[in-house]
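Overview (structure and organization)
Single-letter residue listing:
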Amino acid sequence: MDTVTRPRILVVGAGFAGVECVRRLERRLAPNEADLTLVAPFSYQLYLPLLPQVASGVLAPQSVALSLRRSERYRTRIIPGGAIGVDLKSKVCVVRLVNGEIVDEPYDYIVLAPGSVTRTFDIPGLTDHAFGLKSLAEAAYLRDHVISQLDLADASHDPAERAARLQFVVVGGGYAGTETAACLQRLTHAAVKRYPRLDPGLIKWHLIDIAPKLMPELGERLGRSAQEILTRRGIEISLGVSIAKAGAEEVTFTDGRVVPTRTLIWTAGVVASPLIATLDAETVRGRLAVNADMCLPGHDGVFALGDSAAVPDVAKGDDAVCPPTAQHALRQGRHVAENVIATLRGLPTRPYVHHDLGLVVDLGGTDAVSKPLGVELHGLPAQAVARGYHWSALRTGVAKARVMTDWLLNAVAGDDFVRTGFQAHKPGNLRDFEYLDAYLTPEQVREHVAEAGRAAR
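Residues numbered from 1 in each chain as written. Predicted model: local features only at pLDDT ≥ 70, side-chain atom pairs only at ≥ 80, totals over all residues. Heavy atoms only, no water.

Identification of the protein as NAD(P)/FAD-dependent oxidoreductase from Streptomyces atrovirens is taken from an unreviewed UniProt entry. Regarding the protein, the UniProt comment filed under Sequence similarities (unreviewed entry) reads as follows: "Belongs to the NADH dehydrogenase family." (UniProt positions renumbered as here; feature names shortened; annotations may be inferred.)

Right under this line is the structure:
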């Protein structure tokens, strides 16, 4: 009796792009049409734009962790691990499971959506002493760290140590950095009222960026409005400035200033996942070069999207590529699923074309700036749009209920400023959370796959 093998579709990454792709494939493909597999280190999709609110205690961590197993049409096999290499010729993805075991996952079609990692530079001490904000663990850890600085400052008898612990530096004037500085400044401003021995005037937040403007994507007026809001709150903003050196107890700016601090938060952009380098394929500024239909040229059945792919921005033209935003990742995920289905059924694929919905920036409380469909908003209307957009983008009803409850509870009852103890076990800097040493080189991938093939024979 002949055995019919169903095509194997492998999706790498459980971010916005990967999860949207899987959800569309589950809805549109018949159960006997293909086998679906998802490679994901965690059993949830992280709603990344709300991480600053997790770090500041407005939202509980579980509220932004959307279970991958709640889909009514759930039939995707989940491999608990991270892809560390792909051999395009052999059609094998090398996966390191969460227990450290390395397995090979063959595929017929692969969708690469591994996302991005924090972009760092060759700055002395940066990866050893800076905190990032790209994962749920980092957000929870950062909240513990900031509150612990208040606790330690309150317990200290050394005025210099107390002042250093109450200074905080955020690098990155984009959305992540601006929202992080804004939300955490509100946290310390509210928390210091519970510390009668601390002088609120000692708490100083610095937001710096090498760019000449804060969030230039917002435009001149909204960017200036956001800067005025932060300045009014007491956040010192320095543009055209970056970090020259980072230490355990001080940070040196490129303009020569030395700031005594125990807290350096680095949010200066992202780069494509190191997985992309294992493919030994053409890249554009580190992102995988793909066609407008998100297919990898010269490789049948290989698709890439999201932060790790340089998807041509057909709407803009002039060799522009889509920025690494959640808005694009969501749409690309749905679109690439349709192209995978078209390829599977022998139909033509379609290019990805988008219409921009606008931008939202939540600065905490009633402060926000938004630009939905090109309309500039400030204050409470902008906050309503920002939170309404995020709330509607949450994938499950349970997540929506949790987030709404957290927002209401925080607005009514405030925060208890509790440290959960995450940071009592080990350091939590960029080097610890990014796992950058886990990936293989292209040569190591090919050697590993060849050796596994010989062993199988």
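Picking up where we left off.
A look at the sheet that holds strand β16 (residues 258–260)
The three strands are arranged β14-β15-β16 in an open sheet whose pairing can be described as antiparallel. Both outer strands of the open sheet, β14 (243–246) and β16, are each paired with one neighbouring strand and no more. For this sheet, the mean inter-axis angle between neighbouring strands, taken without regard to orientation, is 20 degrees. When strand β15 (residues 250–253) meets β16, the two strands line up antiparallel, connected through three bridges. Each residue of the ladder has a partner; that of Val-251, found in β16, is Val-259. (Pairing = 2+ DSSP bridges. Helix = DSSP H or I, 4+ residues; strand = E, 2+ residues; numbered from the N terminus. Axes fitted to C-alpha atoms, helices over the stretch in contact; angles between N-to-C directions.)

Observations regarding the nonpolar core
In this structure, Leu-25, Val-86, Ile-110 and Leu-112 are the most contacted members of the largest nonpolar core, which totals 110 residues. Setting aside residues up to four positions removed in sequence, Leu-25 forms contacts with Ile-9, Val-11, Leu-36, Arg-75, Ala-337, Val-340 and Ile-341. (Core = buried A, V, L, I, M, F, W, Y, C linked by side-chain atoms within 4.5 Å. Buried < 20%, exposed > 50% of the residue type's maximum accessible area, 1.4 Å probe, protein only. Contact = heavy atoms within 4.5 Å.)

Looking at the pattern of salt bridges
Counting across every chain of the model gives 21 salt bridges. In this structure, Arg-221 engages Glu-376 in a salt bridge whose closest nitrogen and oxygen atoms are separated by 3.2 Å. With Arg-221 in helix α7 (residues 220–232) and Glu-376 in the loop between β24 (368–372) and β25 (377–378), this residue pair connects regions lying 155 residues apart in the sequence. Taking relative accessible area as the criterion, Arg-221 reaches 55% and is therefore assigned exposed. Glu-443 serves as the salt-bridge partner of Arg-446, at 3.8 Å between the closest nitrogen and oxygen. (Salt bridge = Lys/Arg side-chain N within 4 Å of Asp/Glu carboxyl O.)

With respect to the side chain of Arg-262
With respect to the secondary-structure elements, Arg-262 resides in the loop between β16 and β17 (263–266). The charged side chain of Arg-262 is buried without a salt bridge, its nearest counter-charge being Glu-249 at 4.0 Å. Each residue touching Arg-262, except ones within four places of it in the same chain, is listed here: Phe-131, His-145, Gln-149, Glu-161, Ala-164, Arg-165, Gln-167, Ala-248 and Glu-249. (Lys, Arg positive; Asp, Glu negative; His and termini not counted.)

Re the sheet that holds β24
Taken in spatial order, the three strands line up as β23-β24-β25 in an open sheet, and their pairing is antiparallel. The open sheet has two free edges, formed respectively by β23 (358–362) and β25, since each of these has just one partner strand. Strand direction decides the pairing type here: β23 and β24, joined by five bridges, are antiparallel. Among the inter-strand pairings, Asp-362 is bridged to a residue of β24, identified as Ala-368. Relative to β24, α7 is tilted by about 165 degrees, and along the sheet it contacts β24 and β25. Helix-sheet contacts for helix α9 (residues 379–393) involve β23, β24 and β25, and the interaxial angle to β24 is about 65 degrees.

A look at the environment of Arg-419
The residue Arg-419 is located in the loop between α10 (397–413) and α11 (430–434) in this model. Owing to a relative accessible area of 42%, Arg-419 belongs among the partly exposed residues under this scheme. When near neighbours in sequence (up to four residues on either side) are disregarded, Arg-419 contacts Asp-144, Ile-147, Ser-148 and Asp-151. Among the polar contacts listed, one links the side chain of Arg-419 to the side chain of Asp-151, at a separation of 2.7 Å. (Polar contact = N/O pair within 3.5 Å; in protein donor to acceptor, adjacent residues only side chain to side chain.)

Description of α9
Here α9 contains 15 residues, and its C-alpha end-to-end distance of 21 Å stays within 8% of the 21 Å for a straight helix at 1.5 Å per residue. All of the buried residues along α9 are Ala-382, Gln-383, Ala-386, Arg-387 and His-390. In an axial view of α9, the angular spread of the buried residues amounts to 120 degrees, which keeps them on one side of the axis. Away from its buried face, by an angle of more than 90 degrees, α9 presents the exposed residues Leu-380 and Ala-384. The inward-facing, buried residues of α9 contact α2 (51–55), β23, β24, β25 and α10. (Expected span 1.5 Å × (residues − 1). Arc of directions from axis to C-beta.)

Observations regarding the pairing of strand β6 (residues 92–97)
Burial analysis of β6 places five of its six residues in the buried class, the great majority of the element. The sheet contact formed by strand β5 (residues 77–87) and β6 spans six bridges and is antiparallel. Directly across from Gly-85, in β6, lies its bridge partner Val-94. Counting the residues in the hairpin turn of β5 and β6 gives four residues, including Lys-91, whose phi is positive at 55 degrees. Linking β6 back to strand β7 (residues 102–106) in an antiparallel pair, the connection comprises four residues, with Gly-100 at a positive phi of about 95 degrees.

A word on the pairing of β15
As paired elements, β14 and β15 share three bridges and run antiparallel to each other. Bridge pairing in β15 places Ile-243 opposite Phe-253. Hairpin connection of β14 to β15: three residues between the antiparallel strands. Between the end of β15 and the start of β16, which pair antiparallel, lie four residues, with Gly-256 showing a positive phi angle near 100 degrees.

A word on the packing of aromatic side chains
This model, assessed by the stated rule, comprises five aromatic pairs. Ring geometry for Phe-16 against Tyr-47: centres 5.3 Å apart, planes inclined by 85 degrees, an arrangement best described as edge-to-face. Taken together, the positions of Phe-16 in helix α1 (residues 16–28) and Tyr-47 in the loop between β3 (44–46) and α2 put the pair 31 residues apart, joining distant regions of the chain. When sorted by exposure, Phe-16 lands in the same class as Tyr-47, which is buried. Ring centres 6.2 Å apart and planes at 75 degrees place the aromatic pair Phe-121 and Trp-266 in the edge-to-face group. Residue Phe-121 is found in the loop between β9 (116–118) and α3 (126–129), and its partner Trp-266 is found in strand β17; the two are separated by 145 residues along the sequence. (Phe/Tyr/Trp six-rings, centres within 6.5 Å; stacked < 30°, edge-to-face > 60°.)

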